[in-house]
Amino acid sequence: MIVLDQENKVFTLHTRNATYQMKADRSRVLLHTYYGPRIGGGDLSRLIQYADRGFSPNPSEAGSNRTYSLDTLPQEYSSCGVGDFRLPSIEFEPADGSRLADLRYAGYELKKGKYGLPGLPAFFGGDEWETLVIHLMDSTCKTSVKLFYGVLEECDLITRAVQVVNEGSRPVQLRRCASLCLDFQRGDMDFITFDGCHAQERGLNRSPLRPGVQSVESVRGTSSHHHNPFVILCESGANEDCGTCYGAMLVYSGNFLAAAERTQLENNRLLLGINPYHFCYTLAPGQTFTAPEAALVCSPSGFGQMSRQFHRAIREHLIHDLYEGKRRPVLINNWEATEFHFDAAKLVSIAAAAAPLGIELFVMDDGWFGVRDSDSSGLGDWSVNERKLPGGLEALVPKIQELGMSFGIWIEPEMVSEDSDLYRARPDWALRAPGRPFTRGRSQLVLDFSRKEVRDYVYGAIKQVLGSAGITYVKWDMNRSLTDVWSASLASSRQGELFHRFVLGVYDILDRMRRDFPHILIEGCCGGGGRFDAGMLYYTPQIWCSDNTDAIDRLRIQYGTSFAYPVCAMGSHVSAVPNQQTGRSVSMETRGVVAMAGTFGYEMDLNHTTEEERETIRRQTAFFKEHYDLIQRGDYYRLSDPCAAPYAAWEQAAPGGGEALVSLVYGSNHAAAPFRTLRLKGLNPDALYRVNGGELWRGDVLMAAGFPLPMPTGDYQSLQLYLKAE
Ligand code: GLA
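From a predicted model like this one, the values you see are computed outputs, not experimental measurements.

Caption draft 1: The overall build of the protein, seen in detail. Within the protein, the regular secondary structure consists of 13 helices and 38 strands. Against the compact-globule benchmark of 27 Å for 726 residues, the protein has a radius of gyration of 26 Å, which places it among compact chains. Principal-axis analysis of the C-alpha atoms gives the protein an extent of 85 × 70 × 45 Å. Out of the 726 residues belonging to the protein, those deemed buried represent 62%. Partitioning the contacts of the protein with sequence separation of at least 6, the portion at a separation of at least 24 is 68%. Total accessible area on the protein is roughly 25,700 Å²; 50% of this is exposed by carbon and sulfur atoms. Of the side chains in the protein, 73 bear a positive and 87 a negative charge, and the two mean positions are spaced by 3 Å.

Caption draft 2: Inspection of the sheet that holds strand S11 (residues 189-197) at higher detail. What the 9 strands build is an open sheet, ordered S6-S7-S8-S9-S19-S15-S14-S11-S12; its pairing is antiparallel. Every interior strand has two partners, whereas the edge strands, strand S6 (104-112) and strand S12 (200-208), have only one. Geometrically, the sheet is characterised by an average inter-axis angle of 20 degrees between neighbouring strands, direction not taken into account. Where S11 and S12 come together, 7 bridges link them in antiparallel fashion. Each bridged residue has a counterpart across the sheet, and for Asp190 the counterpart in S12 is Pro208. Lying on the sheet, helix H1 (residues 302-317) is in contact with strand S7 (129-138), strand S8 (143-152), strand S9 (157-166), S11, S12, strand S14 (230-235), strand S15 (245-251) and strand S19 (288-299); it crosses S15 at an angle near 30 degrees.

Caption draft 3: Quick peek at the sheet that holds strand S35 (residues 688-691). Pairing is antiparallel in the open sheet, where 6 strands are placed in the order S31-S32-S33-S38-S35-S36. A single partner strand is all that each edge strand has here, and the edge strands are strand S31 (635-638) and strand S36 (696-698). Going from strand to strand, the sheet's axes swing by 25 degrees on average, the running direction of each strand aside. As paired strands, strand S33 (residues 659-666) and strand S38 (residues 718-725) are joined by 7 bridges and run antiparallel to one another. In the sheet register, Glu659 faces S38, and the bridge partner there is Lys724.

Caption draft 4: Representation of the site of the ligand in the model. Around the ligand lies a shell of 13 residues, among which Asp365, Asp366, Lys475, Asp477 and Asp547 are the nearest. Asp365 places a polar side-chain atom, nitrogen or oxygen, 2.6 Å from an oxygen atom of the ligand. Asp477 has a polar side-chain atom sitting 2.9 Å from an oxygen atom of the ligand. Within the complex, 96% of the 310 Å² of free accessible area of the ligand lies under protein.

Caption draft 5: Region of interest: the pairing of S15. Burial within S15 is extensive, with 7 of its 7 residues counted as buried. Neither face of S15 is open: one carries Cys245, Gly247, Met249 and Val251, the other Tyr246, Ala248 and Leu250, and all of them are buried. Strand direction decides the pairing type here: S14 and S15, joined by 5 bridges, are antiparallel. Its bridge partner being in S15, Phe230 is matched across the sheet by Met249. In this sheet, S19 lies alongside S15 in antiparallel orientation, the contact comprising 7 bridges. Residue pairing for S19: Leu250 is matched across the bridge by Ala294.

Caption draft 6: Main features of unusual backbone geometry. For the peptide bond that leads from Val577 to Pro578, omega is -10 degrees, which places it in the cis range. Tracing the sequence through the fold places Pro578 in the loop between strand S29 (573-575) and helix H10 (588-595). One non-glycine residue, Asn692, adopts positive backbone phi at about 50 degrees. Summarising the element assignment, Asn692 is placed in the loop between S35 and S36.

Caption draft 7: Up close: the domain arrangement of the protein. On domain assignment, one finds that the protein holds domain 1 (2-317), domain 2 (331-629) and domain 3 (637-725). Taking the mean C-alpha position of each, domain 2 and domain 3 sit 34 Å from one another. Each side of the interface is counted separately: domain 2 has 18 residues, and domain 3 has 17 residues. Of the roughly 1,400 Å² buried between domain 2 and domain 3, counting both surfaces, carbon and sulfur atoms make up 71%. When the buried surface of domain 2 facing domain 3 is broken down by residue, Leu555, Tyr559 and Val593 rank first, second and third, together holding 37% of it. One can count 0 salt bridges joining domain 2 with domain 3. For the pair domain 2 and domain 3, the number of links is 4 residue pairs in polar contact (both at pLDDT 80 or more). Elements supplying a minimum of two residues to the side of domain 2 that touches domain 3: helix H9 (551-562) and H10. In terms of residue count, the dominant contributor to the side of domain 2 that touches domain 3 is H9 (5 residues).

Caption draft 8: Region of the structure containing the packing of aromatic side chains. Counted according to the given criterion, the structure contains 35 aromatic pairs. Here the aromatic rings of Phe194 and Phe230 are separated by 5.6 Å at their centres, their planes lie at 35 degrees, and the arrangement is tilted. In this pair, Phe194 sits in strand S11 while Phe230 sits in strand S14, placing the two residues 36 residues apart along the sequence. The class for Phe194 is buried, based on a relative accessible area of 2%. Since its relative accessible area comes to 1%, Phe230 is described here as buried. Pairwise contacts between aromatic rings join Phe194, Phe230, Phe303, Phe310, Phe532, Tyr559, Phe563 and Tyr565 into one cluster. Taking NZ or CZ as reference, Lys114 lies 5.3 Å from the ring centre of Trp129, over its face. Positioned above the aromatic ring of Phe342 is the side chain of Lys388, whose terminal nitrogen or guanidinium carbon lies 5.0 Å from the ring centre.

Caption draft 9: Region of interest: the side chain of Glu412. When you line up the elements, Glu412 lands in the loop between strand S22 (406-411) and strand S23 (415-417). From its side chain, Glu412 meets the backbone nitrogen of Asn479 in a polar contact 2.6 Å long. Beyond its immediate stretch of four places on either side in the chain, Glu412 contacts Arg372, Leu379, Trp382, Gln444, Asp477, Met478 and Asn479.

Caption draft 10: Region of the structure containing the layout of surface pockets. In this structure, the largest pocket encloses a volume near 450 Å³. Along its surface, the largest pocket is lined by 28 residues, and His198, Asn479, Gly527, Gly528 and Asp547 are the ones closest to its centre. Its residues assigned to classes, the lining of the largest pocket shows 5 nonpolar, 12 polar and 11 charged. The two domains that each donate at least three residues to the lining of the largest pocket are domain 1 (2-317) and domain 2 (331-629).

Caption draft 11: Representation of the environment of Thr616. Within the secondary structure layout, Thr616 lies in helix H11 (residues 611-626). Each C-alpha atom, one on Thr616 and one on Leu70, is 64 Å from the other, the two residues being 546 residues apart in sequence. In contact with Thr616, not counting residues within four places along its chain, are Met588 and Glu589.

Rules used throughout
Residues numbered from 1 in each chain as written. Predicted model: local features only at pLDDT ≥ 70, side-chain atom pairs only at ≥ 80, totals over all residues. Heavy atoms only, no water. Helix = DSSP H or I, 4+ residues; strand = E, 2+ residues; numbered from the N terminus. Rg over C-alpha atoms; globule rule 2.2 N^0.38 Å. Buried < 20%, exposed > 50% of the residue type's maximum accessible area, 1.4 Å probe, protein only. Contact = heavy atoms within 4.5 Å. Areas by Shrake-Rupley, 256 points an atom, 1.4 Å probe, with all protein chains shown as cover. Lys, Arg positive; Asp, Glu negative; His and termini not counted. Charge placed at Lys NZ, Arg CZ, Asp CG, Glu CD. Pairing = 2+ DSSP bridges. Axes fitted to C-alpha atoms, helices over the stretch in contact; angles between N-to-C directions. Near = heavy atom within 4 Å. Polar contact = N/O pair within 3.5 Å; in protein donor to acceptor, adjacent residues only side chain to side chain. Domains from an automatic or database assignment. Buried area = accessible area lost by both parts, 1.4 Å probe. Salt bridge = Lys/Arg side-chain N within 4 Å of Asp/Glu carboxyl O. Phe/Tyr/Trp six-rings, centres within 6.5 Å; stacked < 30°, edge-to-face > 60°. Lys NZ or Arg CZ within 6 Å of the ring centre and 35° of its normal. 1 Å grid on protein atoms, 1.4 Å probe; cavity = no way out; pocket = protein on both sides within 12 Å on 5 of 7 lines; lining within 4 Å. Points joined across faces, edges and corners; volume = space filled by probe spheres on them. Nonpolar A, V, L, I, M, F, W, Y, C, P; charged D, E, K, R; others polar.

Structure below.
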């Protein structure tokens, strides 16, 4: 609910559990007055304190009042070079070379429904949303800034976006444009980020904010394996179930900067948006720049509630799930089984072993096109390699379908191999700077997706493949970071637009694909989880979580991922043992339990399994299908921190607590282990639950006292408890 106090220019956004407020003061500076647990309202600018601070200057209209300083006031969207020395939200340069931005309130609009952003992914929906647009203006530079706020009350979600318009008669260079600036009039907060590397993505890191700026970022052209564009600021005592915390997510898949600053006043500022690194966007007179959307959830009751609100908002208002209300198929992918070395007979044999076990979709991974027997050739040549697959997809797909399975395919549209017909014909289509040697990543180059003719060609080739056979699933991969970022199609003064234009190009093709093939489920991938972000989720309802398929490593990766992203977004498969990445062997049971905390599938040749393992797989797929709604759409509770506890445990509960599924995986085993109980969450305290079809337990007992855990008898054992209220 958005409440306006027009006279005092106070704008209050209420969600179910939180309140957000801003106010334009007498100087038309837009102040941020409050964001936190829901309160009644009123003008909260009385919370703001004024004092003369040494070296905090005063704008001219303050006259002799030395207590009025942009450097100390909580700002809604911070200015640049005119007195606020904290992190600037925006920086632009008009023709005179000044880099000053002094934004003042100029009006507002209020709308029912949700705003959209041209060419960019954004949360969507109908009248359950309200939109507020605040107009700011730098009247000297004649540049206006529109701040968009989308309010989705039920999910405690507030989205933000920014548009900058050059209202003058000469070009303006935009050098920085954050999507979100958030000033907290409090100190004592922790900054939580999700970091790692290829095959070890999104590990949780938490530390108290110390004076100065702390940040995570990507300069790789993708959101990256290394840091995620999702961060949390929280009260220092916050945990899963209590304490106020603020999650901030960027709906964007390219370079980003998430920066938190502890200021001289011992309060904090958070900034999130496109990374100013190599960013400079020229706005011609009349032109508009749209910054990507950011989304905020404030939870007054810990991380669990914050995550559940993000999960719900993403499931219902970001992902275009063509399986909405239905079940996505259980898949088998041939990558870890064969890598590049397969032919049609091999693929059919993998599918044939999977079909009787309840697996429904066969995915042909890398290696089916061009000349592609290793990762050093073929990318860009998107026609079927008939040496491996005689008769092409027209011959292969019916064989898969005869097994009762649907068919999916792998592509990597943004890339080109030097050893490819495409590169030989159009070497100038790859990103590289003139007169310089270029950098290879996985032996490949990146296509200049800022160029429409490049996108049109690549999409044309892919469209032909996707339309040629009964394809129902696509895995869209991207296997290197961007370097040599220079485009032949941009003037030298506009090369700073290229990182962003590349991302827009990716979105353009994804959008075309989604519209042309609405029946195709797209799984995003970037060497696993190198582009696991809300921007991609708008186009690709699921994303391969990590190239690391080791069940034990996956516990930590999926744990970190779960803070922002729902189970239905996390691509997760059972793979063979010893695991290819770690050499570890874990039982089929445990591998299944872990993969079921995601979209669920297999990535191995099931011809090489024992009858006992096949029986386990049969049970797993049947169980997953039976409890699909609970697993994929239930409320998600983290029951342990797998980095700290001797086990990883999580739970999906139906809203209202009618049923729940608890999953637990032990770490390595030790002698004389202590007795342990696991306290459950989200149950109905008064209900009686039948556990795994056996004993009855009261909900309040399971939540207050817990369930006694059986002693593990070896390493990495697992347990699933299905609870049904009677
Ligand atoms: C990436 C993906 C893998 C697989 C290979 C194929 O690494 O993450 O799942 O598709 O590429 O080359």
